[in-house]
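# Analysis of the macromolecular model
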Amino acid sequence: MVNSQKFGIELYENLGKLFYAMASIDGTVHIKEVDHLRSYIRSYWLDIDAIEDEYGSDAAFRIETTFDWCLEYEKEADDCFDQFKEFYKEHVKMFTPDIKRLTLDTATAMANAFAGKNKAELILLSKIEILFR
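Residues numbered from 1 in each chain as written. Predicted model: local features only at pLDDT ≥ 70, side-chain atom pairs only at ≥ 80, totals over all residues. Heavy atoms only, no water.

### Digging into the side chain of Glu 33
Assignment of secondary structure puts Glu 33 in helix α2 (residues 31-43). A polar atom in the side chain of Glu 33 sits 2.9 Å from the backbone nitrogen of His 30. Excluding anything up to four places from it in sequence, Glu 33 contacts Met 22, Ala 23, Thr 28, Met 110, Ala 113 and Glu 121. (Helix = DSSP H or I, 4+ residues; strand = E, 2+ residues; numbered from the N terminus. Polar contact = N/O pair within 3.5 Å; in protein donor to acceptor, adjacent residues only side chain to side chain. Contact = heavy atoms within 4.5 Å.)

### Concerning a negative patch on the surface
A contiguous patch of negative charge, built from Glu 76, Asp 78, Asp 79, Asp 82, Glu 86 and Glu 90, is present on the exposed surface. The topology assignment puts Asp 79 in helix α4 (residues 77-90). Judged by relative accessible area, which is 43%, Asp 79 ranks as partly exposed. (Patch = residues over 30% accessible without salt bridge, like charges linked within 9 Å, V, L, I, M, F, W, Y side chains within 5 Å. Areas by Shrake-Rupley, 256 points an atom, 1.4 Å probe, with all protein chains shown as cover. Salt bridge = Lys/Arg side-chain N within 4 Å of Asp/Glu carboxyl O. Lys, Arg positive; Asp, Glu negative; His and termini not counted. Charge placed at Lys NZ, Arg CZ, Asp CG, Glu CD. Buried < 20%, exposed > 50% of the residue type's maximum accessible area, 1.4 Å probe, protein only.)

### A closer look at the side chain of Glu 64
Considering the arrangement of structural elements, one finds Glu 64 in helix α3 (residues 61-72). Assessed through its relative accessible area of 13%, Glu 64 is described here as buried. In contact with Glu 64, not counting residues within four places along its chain, are Arg 38, Ile 41 and Arg 42.

### Re the nonpolar core
The tendency in soluble globular proteins is for nonpolar side chains to be buried side by side. Of all hydrophobic cores here, the largest spans 40 residues; its most connected members are Leu 15, Phe 19, Trp 45 and Ile 128. Considering each element in turn, this core owes the most residues, ten residues, to helix α1 (residues 2-24). Apart from the residues lying within four places of it in its own chain, the contact partners of Leu 15 are Trp 45, Ile 63, Phe 84 and Thr 103. (Core = buried A, V, L, I, M, F, W, Y, C linked by side-chain atoms within 4.5 Å.)

### What about the pattern of salt bridges?
Applying the stated rule across the entire model yields seven salt bridges. With its nearest N and O atoms 2.8 Å apart, the salt bridge here joins Glu 64 to Arg 42. Here the residue Glu 64 occupies a position in helix α3, and Arg 42 occupies one in helix α2, the gap between them amounting to 22 residues. Close ionic contact of Arg 101 with Asp 105 constitutes a salt bridge, the shortest N to O distance being 3.4 Å. Placement of the pair is Arg 101 and Asp 105 together in helix α5 (residues 97-113), with a separation of four residues, close to one helical turn. Accessibility expressed as a relative area gives 45% for Arg 101, which makes it partly exposed. Classification of Asp 105 as partly exposed rests on a relative accessible area of 32%. One network of salt bridges, with partners in common, ties together Glu 13, Asp 53, Glu 54 and Arg 62.

Printed below as a string of structure tokens:
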């Protein structure tokens, strides 16, 4: 259980990087994108599993924590996506069809949150879809 918990937390941290990449790919993180992410975490991601972090919080909140950390340190969107992609390739079995669907749904909702999808967001969404195939 400890090993699966460790990987579950890493999964959520890498999803935080992916969602930060989606929000920042166009050079600006809009508050509506952040709001959509937080809404999706609370509405959908908390129900994925029962994994908790070392503080007893649902591990899905690591998505938000990692996103906020990337935002605070102004990480590059491409670097964050590359880190997610590397994690995905190393742990592909963790990505069930439900997690893939919810990941794409969350990324799409974020992209649609502020004035619809722009070219950079469409390209990143396509990269995610190709990676998941």
